[in-house]
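# Structural characterization, general
Chain by chain, the residues run as shown.
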Amino acid sequence: MDETHYPDPLPRHVAIIMDGNGRWAQQRHRLRLFGHKAGVDSVREAVETAREVGVRYLTLYAFSTENWQRPGLEVKGLMTLLRTYLQAELDTMKKNGVRLQCFGQKDRLPDDVRKMLDKVIAETEHCSRLHLNLCLSYGSRTEMIGAIQEISRKCASGELKPDDIDDHLFSDHLYSTGQPDPDLLIRTSGEQRLSNFLLWQLSYAELYFTDIKWPDFRRDQFLEALEEYAGRQRRFGKTGAQAETTCASS
Ligand code: IPE
Ligand code: IPE
Ligand code: MG
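Keep in mind that what you see is a predicted model, and the values were worked out from it rather than measured.

### So, the site of ligand 2
By nearness alone, every residue bordering ligand 2 is listed as Ile17, Met18, Asp19, Tyr61, Ala62, Phe63, Asn67, Arg70, Arg187, Arg193 and Ser195. In this structure, Arg193 approaches ligand 2 through a side-chain N or O atom, which is 2.8 Å from an oxygen atom. In this structure, Ser195 approaches ligand 2 through a side-chain N or O atom, which is 2.6 Å from an oxygen atom. Because more than half of its atoms lie within 2 Å of the grid, ligand 2 is assigned to the largest pocket. At 3 residues, the largest contribution of residues to the shell around ligand 2 is made by strand S2 (residues 57-64). Of the residues that constitute the shell around ligand 2, the class distribution is 5 nonpolar, 2 polar and 4 charged.

Okay, structure coming up:
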């Protein structure tokens, strides 16, 4: 696909539940970690494709709060892969203008991973071509409860009044503060659920489910999802005719 043929309109923000690594490996009679390794190549390709076509925000669900319950060896393997990925990608991210942020409980990550993560976050802070949000030890309910606690504390201290609370204020207390909500959610591997991912932020996202497992989700599959998004009509509660007028005038 050459530059003039990118899907239009593009979502500003794409969120992806990268699922199916384990089953991909098992189908090949390999250990689950083999699937996670192959999944890292898909992560690289997703970041590169988003940057290439002009998606401005990419949020990747890499490890959930619930994933801590997996066998210790798998969790350890995933953490090692994460550290290696961050180490290997730092220079490329800087060169390509990719700014890394982490959504999730950073303090639950092993020390060495957290240090590497902090380093990449700090060194890419000035980058602005693509905002890459890596969700690590992320859970949407925990995120929202954290926001409620912080807002409650501000109300108790008098810094805020209960009437000040509106959807903007709530959004500003989430990890995604300052960022637009995702326009498109992609989930690979055939599962059709949210698994505690961005429950607030996805309120009006277009949902795209594919049977393709994450290690096989590459540039072409990403572009196909963007193409499908381009054909959707987003109505935000209005009628189709009203939505058409809004699109035409925007
Ligand atoms: C997604 O693949 C990666 C993580 C959740 C860390 P899975 O590991 O969930 O793969 P399946 O769903 O078991 O195939
Ligand atoms: C969701 O996948 C979390 C990530 C992709 C990191 P899971 O594989 O953990 O989700 P469930 O358990 O099938 O809902
Ligand atoms: Mg899974």
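Past the structure itself, the notes keep going.
### So, the UniProt feature "binding site: Mg(2+)" (unreviewed entry) in the chain
Using the residue numbers shown here, the UniProt feature "binding site: Mg(2+)" (unreviewed entry) corresponds to Asp19 and Glu206. Checking the annotated residues one by one, the ones that line the largest pocket turn out to be Asp19. Structurally, Asp19 can be placed in the loop between strand S1 (13-17) and helix H1 (21-27). With sequence-adjacent residues up to four places away left out, Asp19 is seen in contact with Arg187, Thr188, Ser189, Glu191, Lys213 and Trp214. Checked against the element boundaries, Glu206 lands in strand S6 (residues 206-209). Residue Glu206 is classed as buried on the basis of its relative accessible area of 14%. Contacts of Glu206, omitting those with residues within four sequence positions, involve Asp183, Leu184, Leu185, Tyr229, Arg232, Gln233 and Arg234.

### Overview of the environment of Gln87
Of note, Gln87 is situated in helix H3 (residues 72-96). With relative accessibility at 47%, the residue Gln87 sits in the partly exposed group. Between the C-alpha atoms of Gln87 and Val120, which are 33 residues apart in sequence, the distance is 8.2 Å.

### Focus: the site of ligand 1
Around ligand 1, the surrounding shell consists of Met18, Asp19, Gly20, Asn21, Gly22, Arg23, Arg32, His36, Ala62, Asn67, Arg70 and Leu78. The backbone of Gly22 places a nitrogen or oxygen atom 2.9 Å from an oxygen atom of ligand 1. Side-chain polar atom of Arg70 to an oxygen atom of ligand 1: 2.7 Å apart, as the coordinates give it. In isolation ligand 1 exposes 370 Å². Once the protein is present, 87% of that is buried. Here ligand 1 occupies the largest pocket. Listed by contribution, the elements that provide at least two residues to the shell around ligand 1 are H1 and helix H2 (32-53). In terms of residues, the shell around ligand 1 owes the most to one element, H1, which gives 3 residues. For the shell around ligand 1, the residue count by class is 3 nonpolar, 5 polar and 4 charged.

### Focus: the environment of Tyr208
Counting through the fold element by element, Tyr208 comes out in strand S6. What makes Tyr208 buried here is its relative accessible area of 10%. Discounting chain neighbours no more than four positions away, the residues touching Tyr208 are Leu184, Leu185, Ile186, Arg187, Glu224, Ala225, Glu228 and Arg232.

### With respect to the nonpolar core
Membership of the largest hydrophobic core comes to 46 residues, with the highest contact counts inside it found for Leu58 and Phe222. Of the residues forming this core, the biggest block, 9 residues, is contributed by H3. Discounting residues that sit within four places of it in the chain, Leu58 has contacts with His13, Val14, Ile16, Ala46, Val47, Ala50, Leu130, His131, Leu132, Asn133 and Phe222. Formed by 11 residues, the second largest nonpolar core is a distinct cluster that contains Ile17, Phe103, Leu185 and Leu198.

What counts as what
- Residues numbered from 1 in each chain as written.
- Chains lettered and ligands numbered in written order.
- Predicted model: local features only at pLDDT ≥ 70, side-chain atom pairs only at ≥ 80, totals over all residues.
- Heavy atoms only, no water.
- Near = heavy atom within 4 Å.
- Polar contact = N/O pair within 3.5 Å; in protein donor to acceptor, adjacent residues only side chain to side chain.
- 1 Å grid on protein atoms, 1.4 Å probe; cavity = no way out; pocket = protein on both sides within 12 Å on 5 of 7 lines; lining within 4 Å.
- Sits in = over half its atoms within 2 Å of the grid points.
- Helix = DSSP H or I, 4+ residues; strand = E, 2+ residues; numbered from the N terminus.
- Nonpolar A, V, L, I, M, F, W, Y, C, P; charged D, E, K, R; others polar.
- UniProt positions renumbered as here; feature names shortened; annotations may be inferred.
- Contact = heavy atoms within 4.5 Å.
- Buried < 20%, exposed > 50% of the residue type's maximum accessible area, 1.4 Å probe, protein only.
- Areas by Shrake-Rupley, 256 points an atom, 1.4 Å probe, with all protein chains shown as cover.
- Core = buried A, V, L, I, M, F, W, Y, C linked by side-chain atoms within 4.5 Å.

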